[in-house]
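# Structural description and commentary
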Amino acid sequence: TKYHWISEGGTSKVEREKIFQELKNILKDTVTVEEEEITMESDLVNDLNLDSLDLVDLALSVEQVFGFEFSDEQLQQIKTVKDVVDIIESNLYTK
């Protein structure tokens, strides 16, 4: 499923929660982690134990599911789950 939506004035809280839920599903497929362990504040490396290959897999999965490509700058900014949600949110659009 590809996600393409935008709300006037930004993404709604419901849409943000859908992004977070989908990201949790992707993370569960990428690394061995319990859903309860994944919070917006979770550090991808220190809390969820993603290594550099896991981070690449995560980025590719997010790009495929949400239908956009991360810029190099965005990839360098990613530290927490919230960072990924923010980037996904900023890249969603309607065609």
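Residues numbered from 1 in each chain as written. Predicted model: local features only at pLDDT ≥ 70, side-chain atom pairs only at ≥ 80, totals over all residues. Heavy atoms only, no water.

### Quick notes on unusual backbone geometry
One non-glycine residue, Asn 49, lies in positive phi territory at about 60°. Within the fold, Asn 49 resides in the loop between helix H1 (13-30) and helix H2 (52-66). (Helix = DSSP H or I, 4+ residues; strand = E, 2+ residues; numbered from the N terminus.)

### A look at the packing of H1 against H2
When two helices pack together, their arrangement is given by the angle between the helix axes and the distance between those axes. At a minimum axis distance of 10 Å, the contact between H1 and H2 shows a crossing angle of 135°. Between H1 and H2, the interaxial angle falls into the category oblique. As for the relative orientation of H1 and H2, their crossing is right-handed in sense. Here H1 contributes Ile 19, Glu 22, Leu 23, Ile 26, Leu 27 and Thr 30 to the contact with H2, which in turn contributes Asp 54, Asp 57, Leu 58, Ser 61, Val 62, Val 65 and Phe 66. Looking at the contact of H1 with H2 residue by residue, the classes come out as eight nonpolar, two polar and three charged. (Axes fitted to C-alpha atoms, helices over the stretch in contact; angles between N-to-C directions. Parallel < 35°, antiparallel > 145°, perpendicular 65-115°, else oblique. Left-handed = near helix turned anticlockwise from the far one by under 90°. Contact = heavy atoms within 4.5 Å. Nonpolar A, V, L, I, M, F, W, Y, C, P; charged D, E, K, R; others polar.)

### Some words on the pattern of salt bridges
Counted by the stated rule, this structure contains five salt bridges. A salt bridge links Lys 28 to Glu 35, with the shortest nitrogen-to-oxygen separation between them at 3.2 Å. Overall, the relative accessible area of 32% leaves Lys 28 in the partly exposed class. Notably, a salt bridge pairs Lys 82 with Asp 86, separated by 2.7 Å at the nearest N-O pair. In this pair, Lys 82 and Asp 86 are both assigned in helix H4 (residues 81-91), four residues apart and thus about one turn of the helix distant. Owing to a relative accessible area of 38%, Lys 82 belongs among the partly exposed residues under this scheme. One connected set of salt bridges, linked through shared partners, spans Arg 16, Lys 82, Asp 86 and Glu 89. (Salt bridge = Lys/Arg side-chain N within 4 Å of Asp/Glu carboxyl O. Buried < 20%, exposed > 50% of the residue type's maximum accessible area, 1.4 Å probe, protein only.)

### Details of the confidence of the model for the protein
For residues with low pLDDT, the predicted coordinates do not support detailed interpretation. Looking at the protein, pLDDT values average 86 and 85% of them are 70 or higher. Under a pLDDT of 50 for its full length, residues 4-8 has, in the predicted model, 15 contacts with residues more than four places off or in other chains. (pLDDT = per-residue confidence, 0-100.)

### Some points on the environment of Val 84
With respect to the helices, strands and loops of the structure, Val 84 is situated in helix H4. Between the alpha carbons of Val 84 and Phe 70 there is a distance of 9.9 Å; along the sequence they are 14 residues apart. The residues contacting Val 84, other than those within four sequence positions of it, are Leu 23, Leu 44, Val 62 and Ile 78.

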